[in-house]
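# Descriptive analysis of the structure
Here is how the chains run, residue by residue.
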Amino acid sequence: MPENEKKKVILSGIQPSGAFTLGNYVGAIKNWAKLQDDYDCLYMIADMHAITVRQDPAKLRQNTMEAYAAIVACGVDPENSVAFIQSHVPTHAQLNWLLACSTQFGELSRMTQFKDKSAKHPDDINAGLFTYPVLMAADILAYNADLVPVGVDQKQHLELTRNVAQRFNQRYGELFTLPDGYIPPKGAKIMSLADPTKKMSKSDENQNGCIYILDDKDTIIRKFKRAVTDSETVVRYAEGKDGINNLMTIYSVVTGKNYDEIEREFDGKGYGDFKTAVGEAVSDHLKPVKDNFDRIISDKKYLQECYTRGDEAAFKISRKIVSKAYHKAGFVDRT
Ligand code: TYM
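What you are looking at is a predicted structure, and each value in this text was computed from that prediction instead of being measured.

### Looking at the site of the ligand
- Around the ligand, 27 residues are found, and the nearest of them are Q15, Y132, D139, D153 and I190.
- In this structure, an oxygen atom belonging to the ligand sits 2.7 Å away from a side-chain N or O atom of Q15.
- A distance of 3.1 Å separates an oxygen atom of the ligand from a polar side-chain atom of N24.
- Burial of the ligand by the protein chains amounts to 96% of its free accessible area of 710 Å².
- Of the residues belonging to the shell around the ligand, the class tally is 13 nonpolar, 10 polar and four charged.

### A word on the environment of I250
- Relative to the elements of secondary structure, I250 occurs in helix α10 (residues 242–255).
- Separated by 14 residues in sequence, I250 and R236 have C-alpha atoms that sit 14 Å apart.
- Contact partners of I250, with chain neighbours within four places excluded, come to L22, I190, L193, F224, V278 and V282.

### So, the nonpolar core
- Ranked by internal contacts, the top residues of the largest apolar core, which has 60 residues, are L22, Y68, I71, F224, F274 and V282.
- In terms of residue count, the dominant contributor to this core is helix α12 (residues 271–297) (10 residues).
- Not counting the four nearest positions on each side in its chain, F274 is found in contact with V235, I244, L247, M248, Y251, I262 and F266.
- A46, L108, V164 and I321 belong to the second largest nonpolar core, which has 39 residues in total.

### A short note on the packing of helix α4 (residues 91–100) against helix α13 (residues 300–329)
- At a minimum axis separation of 10 Å, α4 and α13 run at an interaxial angle of 25°. It follows from the interaxial angle that α4 and α13 lie roughly parallel. The handedness of the crossing between α4 and α13 comes out as left-handed. Counted together, T91, Q94, L95 and L98 of α4 and F315, S318, R319, V322, A325, Y326 and A329 of α13 form the full contact between these two elements.
- Across the contact of α4 with α13, the residue classes break down as seven nonpolar, three polar and one charged.

### Observations regarding the packing of aromatic side chains
- Tallied over the entire structure, the rule returns 12 aromatic pairs.
- Summarising the aromatic geometry, the rings of F114 and F130 are spaced 4.9 Å apart at their centres and angled 75° between planes, so their arrangement reads as edge-to-face. Separated by 16 residues along the polypeptide, F114 in helix α6 (residues 112–120) and F130 in helix α7 (residues 127–141) bring together distant segments of the chain.
- Judged by its relative accessible area of 16%, F114 falls in the buried class.
- For F130, a relative accessible area of 15% puts it in the buried group.
- Look at Y326 and F331: their rings are 4.9 Å apart centre to centre, the planes differ by 85°, and that puts the pair in the edge-to-face class.
- Assessed through its relative accessible area of 39%, F331 is described here as partly exposed.
- One aromatic cluster in this structure is built from F105, F114 and F130.
- Above the plane of the ring of Y259 lies K186, whose end atom (NZ or CZ) is 4.5 Å from the centre.

Basis of the calculations
Numbers given to residues run from 1 along each chain, matching the order in which its sequence is written. It should be noted that, the model being predicted, local features are given only for residues of pLDDT at least 70 and side-chain atom pairs only at 80 or more, the latter also being counted only at that level, while totals for whole chains, interfaces and linings use all residues. The basis for every side-chain value is the complete set of non-hydrogen atoms in the structure, without hydrogens or water. Being near a molecule or strand, for a residue, comes down to having at least one heavy atom within 4 Å of it. Side-chain atoms alone can form a polar contact between residues adjacent in sequence; in general such a contact is a pair of N or O atoms within 3.5 Å, and within protein one must be able to donate a hydrogen while the other accepts it. Accessible surface is estimated by sampling points in the Shrake-Rupley manner with a 1.4 Å probe; for residues, cover comes only from the protein chains shown. Classes in brief: Ala, Val, Leu, Ile, Met, Phe, Trp, Tyr, Cys and Pro nonpolar; Asp, Glu, Lys and Arg charged; the others, Gly included, polar. The way it works is that DSSP assigns letters per residue, a run of H or I at least four long becomes a helix, a run of E at least two long becomes a strand, and they are numbered from the N terminus. The contact criterion used throughout is that any non-hydrogen atoms of two residues lie within 4.5 Å. We define the nonpolar core as a collection of buried residues of types Ala, Val, Leu, Ile, Met, Phe, Trp, Tyr and Cys that are connected through side-chain atoms lying within 4.5 Å of one another. Partly exposed residues are those whose accessible area sits between 20% and 50% of the maximum for their type, while under 20% is buried and over 50% is exposed, using a 1.4 Å probe and protein chains only. Every angle, taken between N-to-C directions, lies between 0 and 180 degrees, and every axis is a line fitted to C-alpha atoms, over only the stretch in contact when it is a helix. For classification purposes, an angle smaller than 35 degrees is called roughly parallel, one larger than 145 roughly antiparallel, one from 65 to 115 roughly perpendicular, and anything else oblique. Note on convention: the crossing is left-handed when the near helix lies turned anticlockwise from the far helix by less than a right angle, right-handed when the turn is clockwise. Classification of ring pairs rests on two measures: the distance between centres of Phe, Tyr or Trp rings, Trp counted by its six-membered ring, which must be within 6.5 Å, and the angle between planes, read as stacked under 30 degrees, edge-to-face over 60 and tilted in between. The rule for a charge over a ring is simple: NZ of Lys or CZ of Arg within 6 Å of the ring centre, and within 35 degrees of the ring normal.

Take it as geometry only, folks, not as evidence of what the structure does.
Listed below in structure tokens is the structure:
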């Protein structure tokens, strides 16, 4: 890119609701690191989103620190990107309110994640769970982000963000950029190893279906060996072979090999060999992440320095945009 051309802005976030899964890694965080040189990147730990389901406060604090350490361990460079904690930057909540008043009840009711999560937590269908996508829109629009790297499950929330931004712009005059999703061509939806018709998720009842990026080698290999496949024996990417397709996707992402190469590599071999090879490739790939994490998590001072710098930078950028939004909406300017 020519030197004087302004870089595009990227923003993404992840909830600190426990250890990150291979899905989070492949669908999102792995790409966050890759994009840092070509874009102005902002990455945040979405702790405000996390409390839409009940959390133990002490555990949430610990998870937030671990999540921050984990994104750094995965290659987010706090010197190169703005890496911050959502609740430390008050502009998100401020813009949230303004956008909530430009969001319709009907459109929030259609969000599939709201429907899924309220079915899972019928005793706590709180207003925050319902308005969650508005806060996500505020996260993105407060920085006028051009691109949002996420997995497929966040697509509907991004659509809503674009609609809300457009409505605000029409009502009050042009301000917000309509963001595009940056959805990886491969790995945007990693499936459960135990049920490859379902998304890999930390809330999966069957924990054998979910790989965590900090799992040790033996655990990773054991989970892959148990992965559900099909009654064929040929390693090939084809419709109806959800389990094998998922394993091939994972193997492809961590080794850089394409599907043809993988089919040739396992020509004449059975699923057992293939599953072991995927397990080994994933654990080799994640080894540096785990080593980095172990080092970073014990250095509280370093982590605090990093997120404080990120919080301040994020506030500085978003304050300008949110002040403009307040002005456009008719609030009297602060002196
Ligand atoms: P969260 O914390 O559920 O997930 C973080 C990221 O991981 C992706 N992901 C997956 N990708 C592929 N396969 C899977 N099995 C898989 N599981 C999760 C998600 O798509 C996501 O990109 N609402 C967001 C956090 C958020 C955010 C934002 C994201 C808050 N504000 C602003 C972007 C921009 C969430 O709950 O992600």
